[in-house]
Amino acid sequence: MSSEFTKKAIEMLLKGATLVSEPCPYCKGVRVIKDGHALCVNCGKEPEIKETKIQSQTNELENMQKTRSSLKVLEQKLEYLSNELEEEKDHEKQQHILKSINSLVEIIAKLKKPE
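Description of the structure in this document. Source: prediction; values computed, not measured.

1. Examining the pattern of salt bridges
Point 1. This model, assessed by the stated rule, comprises two salt bridges.
Point 2. Residues Lys34 and Asp35 are paired through a salt bridge, measuring 3.3 Å at the closest nitrogen-oxygen approach.
Point 3. Taking relative accessible area as the criterion, Lys34 reaches 27% and is therefore assigned partly exposed.
Point 4. Judged by its relative accessible area of 74%, Asp35 falls in the exposed class.
Point 5. Residue Glu75 is joined to Lys112 by a salt bridge in which the shortest nitrogen-to-oxygen separation is 3.2 Å. A residue pair is termed long-range when its members are at least 10 positions apart, and Glu75 in helix H2 (residues 53–87) and Lys112 in helix H3 (residues 91–112) qualify at 37 residues.
Point 6. Among the residues examined, Glu75 registers a relative accessible area of 34% and is labelled partly exposed.

2. Remarks on the pairing of strand E2 (residues 31–34)
Regular strands place side chains that alternate from one sheet face to the opposite one.
Point 1. The pairing of strand E1 (residues 18–20) with E2 spans three bridges and is classified as antiparallel. When the sheet's bridge partners are listed, Thr18 is paired in E2 with Ile33.
Point 2. Bridging between E2 and strand E3 (residues 37–40) involves four bridges; their strand directions are antiparallel. By the bridge assignment, Arg31 is partnered in E3 with Cys40.
Point 3. Linkage of E2 to E3, two consecutive antiparallel strands, is achieved through a turn of two residues, within which Asp35 is found at a positive phi near 55°.

Criteria and thresholds
- Residues numbered from 1 in each chain as written.
- Predicted model: local features only at pLDDT ≥ 70, side-chain atom pairs only at ≥ 80, totals over all residues.
- Heavy atoms only, no water.
- Salt bridge = Lys/Arg side-chain N within 4 Å of Asp/Glu carboxyl O.
- Buried < 20%, exposed > 50% of the residue type's maximum accessible area, 1.4 Å probe, protein only.
- Helix = DSSP H or I, 4+ residues; strand = E, 2+ residues; numbered from the N terminus.
- Pairing = 2+ DSSP bridges.

Take a look at the structure:
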């Protein structure tokens, strides 16, 4: 085990890297990964890696958080339009607001629908 690779791996770990459960495909050594960049502590090779389970879960979580944030904004808009509709007396403006509400409801339903 090279001390150079060990030092580099330690630096990566201190910066938030994680140990990879799969061994190095070249020498079966321990690997460290950060931001999709893997390093074998034993041989120093940096093979291209496929998306790991952790990366996949992280991406999925980020997408869920973005969806929740979008849903929150859309639901606030829906509430605002509902209040506006309640106060509106002009029939044409009511129809315009109802079309907007309908569009929002459709979008919210699509975002909430499990894929």
